[in-house]
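Below, each chain spelled out in residue letters.
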Amino acid sequence: MSAPAIECLIFPAATLLPESWRQVSGTGPIRTFNPALLRDGTGWILAYRVVLTDGRRRLALCRLDPKLRVVEGSPFPLSDLVRFSNETPYPEIARQWLADPRLYRWDGRIFVYWNSGWHEPRNFQFLQELDPVTLAPIGHPRELILPGVRRPLEKNWTFFAAHNGGLHAIYSIEPHRVLRFSTAGGGDIRFDEVACTEWAIPGYPPSHGGLRGGAPPVWHDGCFWSFCHSVHDGANGYSYAASVYCFAAGPRFAPLAGPVKSLPLGRPYSATRTHARLNPAVGEVIYPCGAARDGTRWLISHGINDEQCAISLVDDTEVRACLRPWSGGVSGERN
């Protein structure tokens, strides 16, 4: 029996635009994309990127009702309220370019992550606590710091809570490099590596840079499920595709299954565009930033072509059909 067709909900950009930004948008294009998703009671919180005619990269939030409809009046101009600490002289781009949010809840507290884009000599990643009622920022954004060897341009770290209560992050998928951190205190957040597994994904189409981070991992059926993305050569430029893999609980967090094919989110919308490309080198983009389990299906929030927010409703059988068990065990692990 074939899996049910994937339903894809598209959110009209104008519906997600905070009222205070309507004057900025004027009659020009409104791009809202790369949404994160977090369950909140019977409803949901959505965080997403907004790009208007002035080109500034903004972040907004809104609430969704139990039927995944935008709650009227809830779109919130998050980036307008972010206040960076004066103790660190961040460059202007770090203060003005807020990209690719992810949402988290730990110990009853809500956090949003973002990065400052792709700029030299290095970019920045931040974690910001939010008021659970108003969704307004609490305190200053806290920079994510990894001592030692790291890439100068960082993005797509994804965080998760291990069974022992500790907070962890996936630094990279290939190799599967896992970090540990704590939100205690009020300054920069420092990360330390706790595990790394070298592994290969047989049968998956060649890509640039392997699997890359996406939605925060979700614990289900005895393992963590991570909806991520990869970048391939396409007919009209780079093509971003969604994928999924699974990994074990700690302390090693070794991969258990890898993708044999991409996850077909956002079809047929990935082949169409409403506005000019933000990045001329990129053709099609499916970019997952949030995931949640809902009965026998997954809700996966993702961007489409740097201009639309979407949630795909994916049956569990469709997700499992994209996976193959990885039999490498722990032989490739190191500390």
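Quick caveat, the model's predicted, so the values are computed rather than measured. (Residues numbered from 1 in each chain as written. Predicted model: local features only at pLDDT ≥ 70, side-chain atom pairs only at ≥ 80, totals over all residues. Heavy atoms only, no water.)

A. The side chain of Q128, seen in detail. Mapped onto the elements, Q128 comes out in strand β7 (residues 125-130). Given the relative accessible area of 0%, Q128 is considered buried. Only 2.9 Å separates the side chain of Q128 from the backbone oxygen of I138, close enough to count as a polar contact. When residues no more than four places from it in sequence are discounted, the contact partners of Q128 are V82, I110, F111, V112, W114, P137, I138, G139, H140 and P141. (Helix = DSSP H or I, 4+ residues; strand = E, 2+ residues; numbered from the N terminus. Buried < 20%, exposed > 50% of the residue type's maximum accessible area, 1.4 Å probe, protein only. Polar contact = N/O pair within 3.5 Å; in protein donor to acceptor, adjacent residues only side chain to side chain. Contact = heavy atoms within 4.5 Å.)

B. Examining the sheet that holds strand β2 (residues 31-40) more closely. Taken in spatial order, the three strands line up as β2-β3-β4 in an open sheet, and their pairing is antiparallel. Strands at the two margins of the open sheet, each flanked by one partner only, are β2 and β4 (57-64). Taking the axes of each pair of neighbouring strands and ignoring which way they run, one obtains an average angle of 20° across the sheet. Note that strand β3 (residues 43-51) and β4 share eight bridges and pair antiparallel. Within the sheet, the bridge partner assigned to I45 lies in β4 and is R63. (Pairing = 2+ DSSP bridges. Axes fitted to C-alpha atoms, helices over the stretch in contact; angles between N-to-C directions.)

C. Here's a closer look at the sheet that holds strand β12 (residues 189-190). Here five strands make up an open sheet; going across it, the order is β5-β6-β7-β8-β12 and the pairing mixed. Each edge of the sheet is formed by a strand with only one pairing partner; in this case those strands are β5 (99-106) and β12. Bridging between strand β6 (residues 109-115) and β7 involves six bridges; their strand directions are antiparallel. Opposite V112, over in β7, you have Q128 as the bridge partner.

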